[in-house]
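Each chain, written out:
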Amino acid sequence: MNQANVTHLVSKLKFNIRPTPRRLKNKDGPPGRVLKIQKTLTALFEYERIELFYNRADEVRGYAERLISEAIRRGPEDHEMMDLANFWIIRKEFVHKLFKVYVPRYQDYSIAYTKLHKAPRLYPGIYYKRAVLELRGNPYPSIEQRNAHSNVLLHNLLLSEARKEYRMEKYKEIAESMNEREVTSQ
Amino acid sequence: MHGALKMSAAVGRVLSQQMRQSLKVLKSLAGKKNRCFSASVPIPKEGSVSNNEQKSVNRGKSADPLECRFMYPEFLPDPKPEYRNSLREKLERADMMARRSKIDIPEFYVGSILAVTVSDPHAPGKSNRFVGICIKRSGCGLRANFILRNVVDNQGVEVLYELYDPTIQKIDCLRLEKRLDNELLYLRDAPEEYSTFSFDMEPEIIPEGTPVPVNDLKVTLKPQPWLEKWERKDLKGVRDIVVNQKREMKAKAALKPWEKYDLMKIYRETIPEEEQKEIFAEVYSDLHNLEITRQKMKRQRTFIRPKKSG
Amino acid sequence: MALRNTMMNFSSRAIHTSAICNQIIKLTRLRVVDNSDIGKQAMVEGKPPKCIHIYNKIGVGYIGDKVLVAIKGEKKKGILVGLKQNQKTKVPKFDSNNIVLIDDSGTPLGTRIHVPIPHILRTILKNKTHAKGADYTKLIAIATRFV
C-alpha cells in the first residue's frame, strides 16, 4: 500500500496504459532501455510514422504522449521542460519541432496524440509482432483500410439498389414473356 | 442538515461493513449516499463567506481544491491499477469524512510534532498519550497511517498509528512544520537529540494565512553501522554522509540519473490531474459542510444552556 | 570458467540482500535494561547477553515472551520487554531488543527498569501469571515509565 506521489501534476493519457513498464531487454540494462526509447522517440518525431516491433512501439507511445502533454502544459520557457525534451529527443531540431509544430497541432485535441496500428508479421522472418506507430494529424495518407464491402458506404448502397432494380426488371420481363406464351398457346 | 449528515455517516459505516458481502446491495446504497451528499452540497456554494469559516481546517489554503493534495494525500487512491476500484474509493472517502466529522484531524506533515491520545485497554487510565515527530506517512484511504518517533529515557520509541482508527480520541499538532525530506527514517540513525521531544510540550500557534514553515535542519548521522544505505538516498536533511571508498563506488554504480526524466514512471506513481480534481471537488465541499455543521452545533449548545438553567 | 563463476556467485552471496526482520531467535544479542548487578556488568563490559532458548513453541520471541540467555558465563531467564521488530499499530517499537532478567519464580533480579515499557505488557504478563507458577506482577511494579 502506498500513497500517490503529489509533487508532480500530470494530465491524463487518453489511451490505456500497461500497469507495469516493459524492460526492453538489452545488454546495457536500464540505461540501454532509456537509449532505445530515446532513439525511437526521436525517429517518431522526425518521420511521424514508423514501423517497428509492437513491444517497443507500445512502450514508446506512452513516452511520446507524455512528452507532448508536458510540452503543452509547461511550454518552452520552462527550464525543466527543456531539460526533459533535450533528454528524450536526441537531435536538437526535433526539440524545436516539438514546440513549434506538435504543441500547436495537439493543443485542442481531446483524443490521444498518437495511434498504434498492428502490422502483419514478416514471413519468413522474425516472429515478433510488428506495429506501426504514428502521430495523429500527419501529412501521410491514412494506412487504415476501410472495409470496401461495408453496407454503409455510398457506392455499395447505390450498387445494391441498382442490383435490386435490375433484378426487378428481369422478373417483370420473365413474367411478361410467360404471359405472352400463355396467350399464344390459348 | 446535521441529521442528514449523521445519517449519511451511518450509511457510510454500514457500507464499510457490508463491503465484502454483496456488491449489489452496495450499489443501491451508494446511490442513496450520493443523493444525501448532493442534497447537502449546495449550501457552501451559496456564499464565499464560508471560506473564512473554514480557515481553521484549511490553513493557508487557496480556492483551488487541487491544493488539498498536500494536506490530505490519503484521499487520493493507490495509483496501482490493480488496487483501483472507483466504488470502493468513493465509499472509503465517505467513511473518512464521517470519521473526520467525529474527531478533528489536524493538518500535519512529515516533520510535524504530534500528540496522539488513544483509548488503550492496557493502560491504567484506559487512555494513552504519545508525543513524537512524524517520520513517515503512508497508505491511502481508511488505511492511511503515520509513524511517530520520540526518545523517552534515552530509548528510541516509535509508534505506528492509523489516521482513521476509531480508538483515537484526539490528535494534536504541537508544532506544524515540514522538513527537507519526504521521510525522516534516518532519524533512527541520528543522535538522540534530534528526535527527543518533551511530553508536556505546549502547542505552538502559527498565525493564520502564513505558509507552513519548512525547517531546514540538517542532521549529522551517528557512525556506521546504519539501518539503511543512506548515502544512496539523496537526503537533503543530512549533513555530509561519509562512507568508505568501496561503498561510495557502489553508491555511484547504483545511481539512476535517468529516473527523474522517466515520464511514464512519474505517471504510474501519481493520480492524473483530472481525477484529482474530481476527488478533491467532492471532499472539498464535504469539508465545508463539516465546518458549517460544527459551527451550528456550537451555536445550538450555547442557545440551549440558558434554557436549561432557567 | 564454470568453477570461477560458481566461486563468484558464492562470494557474492556472502552479502545479505533481504531486509532484516529483527526477530528474536537463538543467538540474538539482547540488552538488559534493569539494574541487576550481572546485567549491568555485562552491558558495561560490552558483552550483551545472547538468547539461547525461547520458551514458546515457535522458537521466535515476541513481546512478553520468556527467554533463556547466556550472560557472563551464566544461564539466566529474562522477559522480552521491548522489540526492534515492526509491531502492530499502537504498540511501540523500540530501537533495541530489551530484556529484564528474572529468576525462576518470575521475580526480577533488579529493582528498577530504566527504559519505558509498553502498556500492552501489563495485559500480556497478567495473562501469563499463574498462582503457583510464575508471578510477573513485580516486574510491572518496578517499571518506571510506560508508553
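- An unreviewed UniProt entry lists chain B under the name Large ribosomal subunit protein bL19m, with Cephus cinctus given as the organism.
- As its UniProt record puts it under Subcellular location (unreviewed entry), chain B is described as follows: "Mitochondrion".
- What UniProt records for chain B under Sequence similarities (unreviewed entry) is the sentence "Belongs to the bacterial ribosomal protein bL19 family."

- An unreviewed UniProt entry annotates chain A as Large ribosomal subunit protein bL17m originating from Cephus cinctus.
- Checking UniProt for chain A, the heading Sequence similarities (unreviewed entry) contains the comment "Belongs to the bacterial ribosomal protein bL17 family."

**Points about the overall build of chain A**
Phase 1: Helices and strands together make up the secondary structure of chain A, namely five helices and three strands.
Phase 2: The helix and strand sequence of chain A, counted from the amino end, reads α-β-α-α-α-β-β-α.
Phase 3: The globule rule puts the C-alpha radius of gyration for 186 residues at 16 Å, and the 27 Å found for chain A is more than 25% above it.
Phase 4: Dimensions of chain A, computed from C-alpha atoms along their principal axes, come out at roughly 100 × 40 × 40 Å.
Phase 5: Across the 186 residues in chain A, those meeting the buried criterion constitute 20%.
Phase 6: Long-range pairs, those at least 24 residues apart, make up 56% of the contacts in chain A between residues at least 6 apart in sequence.

**Some remarks on the sheet that holds strand β1 (residues 113-119) of chain B**
Each strand in a sheet pairs with its neighbour through backbone hydrogen bonds, running either in the same direction (parallel) or in the opposite one (antiparallel).
Phase 1: Taken together, the six strands give an open sheet; going across it, the order is β5(B)-β1(B)-β2(B)-β3(B)-β4(B)-β5(C), and neighbouring strands pair in antiparallel fashion. Only two strands of the sheet have a single partner each, and these edge strands are β5 (168-175) of chain B together with β5 (93-94) of chain C.

**Overview of the interface of chain B and chain A**
Phase 1: With 28 residues of chain B at the interface, the matching set in chain A holds 24 residues.
Phase 2: Per element, the largest residue contribution to the side of chain B that touches chain A is five residues, and it comes from helix α8 (residues 263-269) of chain B.
Phase 3: Split into classes, the residues belonging to the side of chain B that touches chain A amount to 14 nonpolar, three polar and 11 charged.

**As for the sheet that holds strand β3 (residues 130-135) of chain A**
All names here are of chain A.
Phase 1: On the basis of which strands lie adjacent, the open sheet formed by three strands has the order β1-β3-β2 and antiparallel pairing. Taken across any chain shown, the strands that pair with only one partner, and hence form the sheet edges, are β1 (49-53) and β2 (114-119). Across the sheet, the axes of successive neighbouring strands diverge by a mean angle of 25 degrees, strand direction being ignored.
Phase 2: Relative to β3, β1 runs antiparallel, the two sharing five bridges. Of the residues in β3, the one forming a bridge with F53 is R130.
Phase 3: Strands β1 and β3 of the sheet are contacted by helix α1 (residues 30-47), whose axis makes an angle of about 150 degrees with β1.
Phase 4: Packing of helix α2 (residues 54-74) onto the sheet brings it into contact with β1, β2 and β3, and relative to β2 it is tilted by some 175 degrees.

**Quick word on the confidence of the model for chain A**
Phase 1: With 99% of its residues at a pLDDT of 70 or more, chain A shows a mean pLDDT of 94.
Phase 2: Mean pLDDT across the secondary structure elements of chain A bottoms out at helix α5 (residues 154-185) of chain A, with 93, and peaks at α1 of chain A, with 97.

**Description of the nonpolar core**
Generally speaking, soluble globular proteins have nonpolar side chains that are buried together.
Phase 1: Counting 75 residues, the largest nonpolar core has C134 and L148 of chain B together with I79, L80, V81, I99 and V100 of chain C as the members making the most contacts within it.
Phase 2: Counting residues domain by domain, this core receives three or more from each of domain 1 (2-101 + 278-309) and domain 2 (113-267) of chain B.
Phase 3: With sequence-adjacent residues up to four places away left out, L148 of chain B is seen in contact with L114, V116, F130, G132, I133, C134, E158, V159 and Y161 of chain B.
Phase 4: Judged by nonpolar contacts, the second largest core, of 26 residues, contains V34, L44, W88 and V95 of chain A.

**Structural notes on the packing of α2 of chain A against helix α4 (residues 92-106) of chain A**
All names here are of chain A.
Phase 1: Between α2 and α4, the shortest axis-to-axis distance is 10 Å and the interhelical angle comes to 90 degrees. Regarding the angle of α2 to α4, the classification is roughly perpendicular. Two secondary-structure elements touch here, α2 through I68, A71 and I72 and α4 through L98, F99, Y102, V103 and Y106.
Phase 2: Taken together, the residues of the contact of α2 with α4 break down into eight nonpolar, no polar and no charged.

**Digging into the domain arrangement of chain A**
Phase 1: Each assigned domain of chain A is listed with its residue range as follows: domain 1 (30-135) and domain 2 (146-186).
Phase 2: Computed from C-alpha coordinates alone, the two centres of domain 1 of chain A and domain 2 of chain A are separated by 54 Å.

**Description of the packing of α1 of chain A against α2 of chain A**
Residues and elements named next belong to chain A.
Phase 1: Remark: α1 packs on α2, axes separated minimally by 10 Å, with the N-to-C direction vectors making an angle of 75 degrees. Classified by the interaxial angle, the pair formed by α1 and α2 is roughly perpendicular. Two secondary-structure elements touch here, α1 through K36, I37, T40, L41 and L44 and α2 through R56, E59, V60, Y63 and A64.

**Topic: the environment of A119 of chain A**
Residues and elements named next belong to chain A.
Phase 1: Within the element layout of this structure, A119 appears in strand β2.
Phase 2: Taking the C-beta count within 10 Å as the criterion, A119 has 17 such neighbours and is therefore assigned partly exposed.
Phase 3: Setting aside anything within four residues of it in sequence, one finds A119 in contact with E51, R130, A131 and V132.

**Some remarks on the pairing of β1 of chain B**
All names here are of chain B.
Phase 1: Here β1 pairs with strand β2 (residues 127-138) via seven bridges, running antiparallel. Directly across from T117, in β2, lies its bridge partner R129.
Phase 2: Examined bridge by bridge, β1 and β5 share six bridges and lie antiparallel to one another. Across the sheet, V116 pairs through a bridge with I171, a residue of β5.

Quick notes on the rules
Residues numbered from 1 in each chain as written. Chains lettered and ligands numbered in written order. Predicted model: local features only at pLDDT ≥ 70, side-chain atom pairs only at ≥ 80, totals over all residues. UniProt positions renumbered as here; feature names shortened; annotations may be inferred. Helix = DSSP H or I, 4+ residues; strand = E, 2+ residues; numbered from the N terminus. Rg over C-alpha atoms; globule rule 2.2 N^0.38 Å. Buried ≥ 20, exposed ≤ 12 C-beta atoms within 10 Å, placed from the backbone. Contact = placed C-beta atoms within 7 Å. Pairing = 2+ DSSP bridges. Nonpolar A, V, L, I, M, F, W, Y, C, P; charged D, E, K, R; others polar. Axes fitted to C-alpha atoms, helices over the stretch in contact; angles between N-to-C directions. pLDDT = per-residue confidence, 0-100. Core = buried A, V, L, I, M, F, W, Y, C linked by C-beta atoms within 7 Å. Domains from an automatic or database assignment. Parallel < 35°, antiparallel > 145°, perpendicular 65-115°, else oblique.

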